[in-house]
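In case you want the letters, here they are:
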Amino acid sequence: MQLRRLTVAVAVIACVALAGAAPSFAQPDWAPVGSATIQPGNETITDGAQCTSNFVFYDAANNVYVGQAAHCSGTGGATETNGCDSGSLPNGTPVEIENATQPGTMVYNSWIAMQQAGETNAAACDFNDFALVRVHPADAGSVNPTIPFWGGPTGTTASVADLSKVLSYGNSSLRLGLDPLKPKEGVKVATEGGGWSHGVYTVTPGIPGDSGSAFIDRAGRAFGVLSTLQIAPRVGSNGVSDVSRAVAYMESHGGPDVTLANGTEPFTGPLLPLP
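None of the values given here were measured: they were computed from a predicted structure.

Peer 1: Which parts of the structure should I look at to understand the packing of aromatic side chains?
Peer 2: Aromatic ring pairs are defined here through the distance separating the ring centres and the angle between the ring planes. If you walk through the whole model with that rule in mind, you get five aromatic pairs. Look at Phe149 and Trp150: their rings are 4.8 Å apart centre to centre, the planes differ by 90°, and that puts the pair in the edge-to-face class.

Peer 1: Any chance you could explain the side chain of Asn42 here in plain terms?
Peer 2: With respect to the helices, strands and loops of the structure, Asn42 is situated in the loop between strand S1 (9-10) and strand S2 (43-46). Classification of Asn42 as buried rests on a relative accessible area of 8%. If near-sequence neighbours (up to four positions away) are discounted, Asn42 is found in contact with Thr37, Cys51, Thr52, Ser53, Ile97, Glu98, Asn99 and Asn171.

Peer 1: For this particular structure, what's the right way to read the pattern of salt bridges?
Peer 2: Between side chains of opposite charge, pairing is possible as soon as their charged atoms come close. Taken as a whole and judged by the stated rule, the model has four salt bridges. The salt bridge involving Lys184 is made with Asp210; its shortest N-O contact spans 3.6 Å. A residue pair is termed long-range when its members are at least 10 positions apart, and Lys184 in strand S10 (residues 183-192) and Asp210 in the loop between strand S11 (197-203) and strand S12 (214-217) qualify at 26 residues. Just as Lys184 is buried, Asp210 falls in that class too.

Peer 1: When you look at the sheet that holds strand S5 (residues 64-68) in this model, what are you seeing that I'm missing?
Peer 2: Adjacent strands of a sheet pair through backbone hydrogen bonds, lying either parallel or antiparallel. Across the sheet, eight strands lie side by side as S3-S2-S6-S7-S8-S5-S4-S15; this open sheet has antiparallel pairing. Sheet topology places strand S3 (49-52) and strand S15 (259-260) at the edges, where each strand pairs with a single neighbour. Summarising the sheet, strand S6 (residues 94-97) and strand S7 (residues 104-109) pair through two bridges and their orientation is antiparallel. Bridge assignment links Val95 to a residue of S7, and that residue is Gly104.

Peer 1: Help me understand a nonpolar patch on the surface in this model?
Peer 2: Side chains of Leu163, Val189 and Tyr201 sit close together on the surface and give an oily, nonpolar patch of about 270 Å² of accessible area. In this fold, Leu163 is placed in the loop between helix H3 (137-140) and strand S9 (165-169).

What counts, and at which threshold
Residues numbered from 1 in each chain as written. Predicted model: local features only at pLDDT ≥ 70, side-chain atom pairs only at ≥ 80, totals over all residues. Heavy atoms only, no water. Phe/Tyr/Trp six-rings, centres within 6.5 Å; stacked < 30°, edge-to-face > 60°. Helix = DSSP H or I, 4+ residues; strand = E, 2+ residues; numbered from the N terminus. Buried < 20%, exposed > 50% of the residue type's maximum accessible area, 1.4 Å probe, protein only. Contact = heavy atoms within 4.5 Å. Salt bridge = Lys/Arg side-chain N within 4 Å of Asp/Glu carboxyl O. Pairing = 2+ DSSP bridges. Patch = residues over 30% accessible without salt bridge, like charges linked within 9 Å, V, L, I, M, F, W, Y side chains within 5 Å. Areas by Shrake-Rupley, 256 points an atom, 1.4 Å probe, with all protein chains shown as cover.

Following this line, the structure appears as structure tokens:
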């Protein structure tokens with residue numbers, strides 16, 4: 001959830017394509033991972049609300065984007081998580097990206113798209129929590145799509161089996177920059193909303209400011225975006241929005257046609273055995 005909210009938010013995850021699908025157009029020349037200043041997991045700040053970016057995307061014109069949760073630009077209270085009736089800042093809103101020299105621009109927000117479309121699918125309203133931020137051209141050459149610590153992503157997947165290992169990387173400012181606390185491992189425990197959301201447990205747990213962060217499966221494939229987290233009584237319980245559905249919805253409702261970028265560094269895999 002965004003840092004300015006003190007209560008529970010919703011975890012959302014999104015994937016853009018089937019696992020192993022080839023990019024639909026040539027990708028940009030990415031900065032070397034050792035010198036890149038913008039990667040998945042960088043903090044984003046929208047009108048004072050801090051979240052975590054998830055995946056890097058690009059389009060046919062070589063525009064570069066980072067994903068975040070739609071609720072990161074929400075204008076209501078912490079309990080307003082239904083995207084079909086909750087307020088949002090408009091597309092075109094500047095978004096600060098950690099280490100960028102210029103603000104990015106929010107060019108798509110699922111809450112805005114669903115309200116404009118008059119969406120009536122209750123599951124989409126509850127769990128479609130995805131926004132796209134275009135990186136300023138001055139910073140596009142400083143981007144690398146590799147997820148810190150884990151490497152990858154290695155592609156995308158539209159499904160993750162229950163009780164399988166999942167991985168994430170959160171970057172809440174509440175961690176005070178302590179890198180060992182940012183990687184998270186966990187287990188998917190449930191599918192909700194007809195596939196729109198994945199329930200997961202993670203160690204360490206998600207905290208305010210982690211919202212929007214990337215989730216990948218044990219093979220490194222992108223599948224979701226953190227939308228909500230449970231502080232109590234089930235510490236470590238997170239709601240992750242399915243990224244494949246979220247991106248498909250975006251592309252069918254006037255948003256950019258994008259490809260999720262694979263990491264340039266090898267995927268390292270999970271560290272812990274399943275509980």
